[in-house]
Amino acid sequence: MTDITAAPSLAPPRLGGIDRGPVLVAGAALVVGALLIADLIDLRQAVLFLVGGLMGATLYHASFGFTGGWRRLVVEGRGRAMRAQLLMIGAAAIAFIPLLSAGSFAGQPLVGATAPIGVSVIVGAALFGFGMQLGGGCGSGTLFTVGGGSARMLVTLAFFVVGALLGTAHLPWWLERPSIAPISLGAELGPLGGVLVTLVALAAVAGVTVLVERRRHGALETPDAPKRRGLPRFLRGPWPLIWGGLALAALNLATLLIAGHPWSITYGFGLWGAKVADAAGVPVGQWEFWTWPGQGEALRGSVLADVTSVMNFGIILGAALAAGLAGKFAPKAALPFLSALAAAIGGLLMGYGARLSFGCNIGALFSGIASGSLHGWLWFAAAFAGSWIGIYARPLFGLDGLKRK
Amino acid sequence: MSARNTLLFGAAFTVVTSAVAADHITTRPAPAPAAATVNNANPCGIGAPCAITAGTNPCGVGAPCAIAPRANPCAIAAPCAVAPRANPCAVTAPCAVVPRANPCAVAAPCAVAAPRSNPCAVAAPCAVAAPRQSPCAVAAPCAVAAPPANPCAVTAPRANPCAVAAP
């Protein structure tokens, strides 16, 4: 659902349609990486790295991204991808809200992705939505397409990191803009009430996508018949969107239970940017954001000790493994200047917007709504509006825009 | 598979792996999170991680709760929601264990959502409305357990919204 584009392959060694080199490198990196992280940090961090790997493989095999799904609804009037996203969020919410209301599970304290509701969320999410249409992928989409070998998305990721770093520079100012306290549906309505309200709201959005699709096409889209079945399909994809969504919900739940907080992505980007800038002599350690106790500790500590970073590494490697198994690693694709420019602008806006709005489509939308936090819904609305404008802007960069199909 | 793209990604993989290794070697690993216990579920308790360092202790005498809003875990602008590591309710913090002890929980007396009972709020009438719930009250566990670590203690009158001298 992102802009990954497979082209006919020309080159290196392939075994039965598998890209052997990337499979070996990514597989070895996952195994060796997990062993090293277990040794250098702890077993929990190694398990989270492998959970990231499974997320990457799932995202790739199910082509599970938000950017293309939202664009398909707006441009083509097809809502299948969006409904899979809503199903994923709903499935996670059924587990998250009661667990978070309990406060802990098997001795592990749990905290949800809750955040204040205010100007920073609206502005940040709108920028993110606009940026993801230019960048060609959201937070998770950028990671799994980079893992799949997309050169264009490498540009998006690089500027995503820069944008996230800039966001950390300005976040303190944005936090002083008007906002109200975090509102958790689980805390306000109780676990059952929180789950019910969340599911009804998700179903209402899904209902709108059904109405749009029926009005435009008369009937709902049915998925194409799979080219593979059984184990070959499991290993090499493609997976049905619904499988992907449910698997990601389960993996986010695993993250919550193991890490104590839900899945997030973009905090790691800001940290990577800060570490690179710090190494280059930029005094980021003096920026207010990086003087906050937790942020300062993360900046001074090893990147391998940061949960989000380690899971991001796992996602990229898992996607690379899946792409290699699918025989689609590093597809040959032209990268015109305007397209690269769009990727850079999109990455910058996504990074900056994600920092302002307390996360991306994963940390704020998926984990936020699943945690019962109202800021996730505000993020959804603002990002969708931004994405709509972004779709109009795509033709300026030679990308397809609001051309009806 | 594009050979040029594969080479590009091979180079990127090598650079990133080297950068991660260099980062790990040149920085100290973050300490492993301490397991939360009932004892340290009290954010003002002696055993709470909050109490270890005055600078990061929202309950400490020198805590900037009342001075800098962003350092105040009860303030809207608090970094609670920004990132788990800065969140006093996150994995490493004991607050999350007991919702009412969690300064970020909606139900907590410190919560932003409940400004009238928020001891960090300027206008909080906590001591008047619910003395036993008030961490500023004499009978409050915080005050009993660790007076010096209690932002409402006598030693921190300006941080005590319930104190006579409080603005």
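Given the structure is predicted, the values throughout are model-derived calculations rather than measurements.

Observations regarding the overall build of chain B
When helices and strands are tallied, chain B shows three helices and zero strands. Element order for chain B, N to C, with α for helix and β for strand: α-α-α. With 167 residues in all, chain B has 46% of them scored as buried.

A few points about helix H10 (residues 241–259) of chain A
Residue and element names in this part refer to chain A. Compared with the 27 Å implied by 1.5 Å per residue over 19 residues, the 26 Å span of H10 between its first and last C-alpha is a close match. Residues of H10 that are buried include every one of Leu-241, Gly-244, Gly-245, Leu-248, Ala-249, Leu-251, Asn-252, Thr-255, Leu-256 and Ala-259, and no others. Summarising the contacts, the buried residues of H10 are in contact with helix H2 (43–61), helix H4 (80–102), strand E4 (108–109), helix H14 (307–326) and helix H16 (361–370).

Let's talk about unusual backbone geometry
Residues apart from glycine generally show negative phi values, whereas peptide bonds are mostly found in trans. Residues and elements named next belong to chain A. Residue Pro-238 is bonded to the preceding Gly-237 through a cis peptide linkage, with omega at -10 degrees. On the secondary structure map, Pro-238 appears in the loop between helix H9 (230–236) and H10. Here the phi dihedral of Ser-63 falls at roughly 45 degrees; this positive angle occurs in a residue that is not glycine. Relative to the assigned elements, Ser-63 resides in the loop between H2 and helix H3 (67–76). When its relative accessible area of 28% is taken as the criterion, Ser-63 is described as partly exposed. Within the chain, Ala-106 stands out as a residue other than glycine whose phi angle is a positive 50 degrees. Structurally, Ala-106 can be placed in the loop between strand E3 (104–105) and E4.

Overview of the side chain of A:Thr308
Turning to its location among the elements, A:Thr308 is positioned in helix H14. Among all residues touching A:Thr308, those that are not within four sequence positions of it are A:Ser264, A:Ile265, A:Tyr267 and A:Gly268.

A few points about the pattern of salt bridges
Residue and element names in this part refer to chain A. The full count for this structure, using the stated rule, is eight salt bridges over all chains. For Arg-78, the salt bridge identified is with Glu-213, shortest N-O distance 3.0 Å. Taken together, the residues span a long stretch of sequence, with Arg-78 in the loop between H3 and H4 and Glu-213 in helix H8 (residues 185–217) at a distance of 135 residues. Owing to a relative accessible area of 17%, Arg-78 belongs among the buried residues under this scheme. For Glu-213, a relative accessible area of 0% gives the class buried. Here Arg-394 makes a salt bridge to Asp-400, at a shortest N to O gap of 2.6 Å. Connected through salt bridges with shared partners, the residues Arg-72, Glu-76, Arg-80 and Glu-221 form a single ionic network.

Examining the side chain of A:Ser371
Residue and element names in this part refer to chain A. Residue placement: Ser-371 occurs in the loop between H16 and helix H17 (374–393). By relative accessible area, which is 4% here, Ser-371 ends up buried. Among the polar contacts made by the side chain of Ser-371, one reaches the main-chain amide nitrogen of Ala-113 at a distance of 3.0 Å. Once residues within four sequence positions are removed from consideration, Ser-371 is found in contact with Phe-96, Ile-97, Leu-100, Gly-112, Ala-113, Ser-184 and Pro-262.

Quick notes on the environment of A:Met132
All names here are of chain A. Looking at the secondary structure, you find Met-132 in helix H5 (residues 119–135). For Met-132, a relative accessible area of 0% corresponds to the buried category. Each C-alpha atom of the pair Met-132 and Ala-151 lies 16 Å from the other, and the pair is 19 residues apart in sequence.

Considerations on the nonpolar core
Residues and elements named next belong to chain A. Core analysis: the largest hydrophobic core is formed by 110 residues, its most contacted members being Trp-70, Phe-128, Trp-263, Phe-269, Trp-290, Trp-379 and Phe-380. Aside from chain neighbours lying at most four places away, what touches Phe-128 is Cys-138, Gly-139, Phe-160, Leu-349, Met-350, Gly-353, Ala-354, Cys-360, Asn-361 and Trp-379. In terms of nonpolar packing, the next biggest core, distinct from the first, is built from five residues, Leu-134, Ala-342, Ala-393 and Leu-399 among them.

Things to note about the packing of aromatic side chains
Residue and element names in this part refer to chain A. Tallying each qualifying case throughout the model produces 19 aromatic pairs over all chains. On the basis of an interplanar angle of 15 degrees and a centroid distance of 5.5 Å, the ring pair of Phe-234 and Trp-239 is categorised as stacked. Given a relative accessible area of 13%, Trp-239 falls into the buried group. Members of the aromatic cluster, each reached through a chain of ring pairs, are Phe-64, Phe-66, Trp-70, Trp-377, Phe-380, Phe-384 and Trp-388. Sitting over the face of the ring of Trp-173, Arg-177 holds its NZ or CZ atom 3.9 Å from the ring centroid.

Observations regarding a nonpolar patch on the surface
Nonpolar side chains collect at one region of the surface, where A:Val31, A:Val32, A:Leu35, A:Leu36 and A:Leu40 lie side by side and expose about 450 Å² of accessible area between them. Relative to the helices and strands, A:Leu36 is located in helix H1 (residues 20–40).

Describing the packing of H4(A) against H16(A)
All names here are of chain A. At a minimum axis distance of 7 Å, the contact between H4 and H16 shows a crossing angle of 45 degrees. It follows that H4 is oblique to H16 by the angle criterion. In contact with Met-88, Ile-89, Ala-92, Ala-93, Phe-96 and Ile-97 of H4, H16 contributes Leu-365, Phe-366, Ile-369 and Ala-370. Of the residues assigned to the contact of H4 with H16, the class counts are 10 nonpolar, no polar and no charged.

Side note on the environment of A:Pro240
Residues and elements named next belong to chain A. Along the chain, the position of Pro-240 falls in the loop between H9 and H10. The exposure class assigned to Pro-240 is partly exposed, which follows from its relative accessible area of 23%. Sequence-wise, Pro-240 and Pro-223 are 17 residues apart; in three dimensions their C-alpha atoms are separated by 8.0 Å. Setting aside its immediate chain neighbours within four residues, Pro-240 contacts Ala-62 and Arg-233.

Parameters at a glance
- Residues numbered from 1 in each chain as written.
- Chains lettered and ligands numbered in written order.
- Predicted model: local features only at pLDDT ≥ 70, side-chain atom pairs only at ≥ 80, totals over all residues.
- Heavy atoms only, no water.
- Helix = DSSP H or I, 4+ residues; strand = E, 2+ residues; numbered from the N terminus.
- Buried < 20%, exposed > 50% of the residue type's maximum accessible area, 1.4 Å probe, protein only.
- Expected span 1.5 Å × (residues − 1).
- Contact = heavy atoms within 4.5 Å.
- Salt bridge = Lys/Arg side-chain N within 4 Å of Asp/Glu carboxyl O.
- Polar contact = N/O pair within 3.5 Å; in protein donor to acceptor, adjacent residues only side chain to side chain.
- Core = buried A, V, L, I, M, F, W, Y, C linked by side-chain atoms within 4.5 Å.
- Phe/Tyr/Trp six-rings, centres within 6.5 Å; stacked < 30°, edge-to-face > 60°.
- Lys NZ or Arg CZ within 6 Å of the ring centre and 35° of its normal.
- Patch = residues over 30% accessible without salt bridge, like charges linked within 9 Å, V, L, I, M, F, W, Y side chains within 5 Å.
- Areas by Shrake-Rupley, 256 points an atom, 1.4 Å probe, with all protein chains shown as cover.
- Axes fitted to C-alpha atoms, helices over the stretch in contact; angles between N-to-C directions.
- Parallel < 35°, antiparallel > 145°, perpendicular 65-115°, else oblique.
- Nonpolar A, V, L, I, M, F, W, Y, C, P; charged D, E, K, R; others polar.

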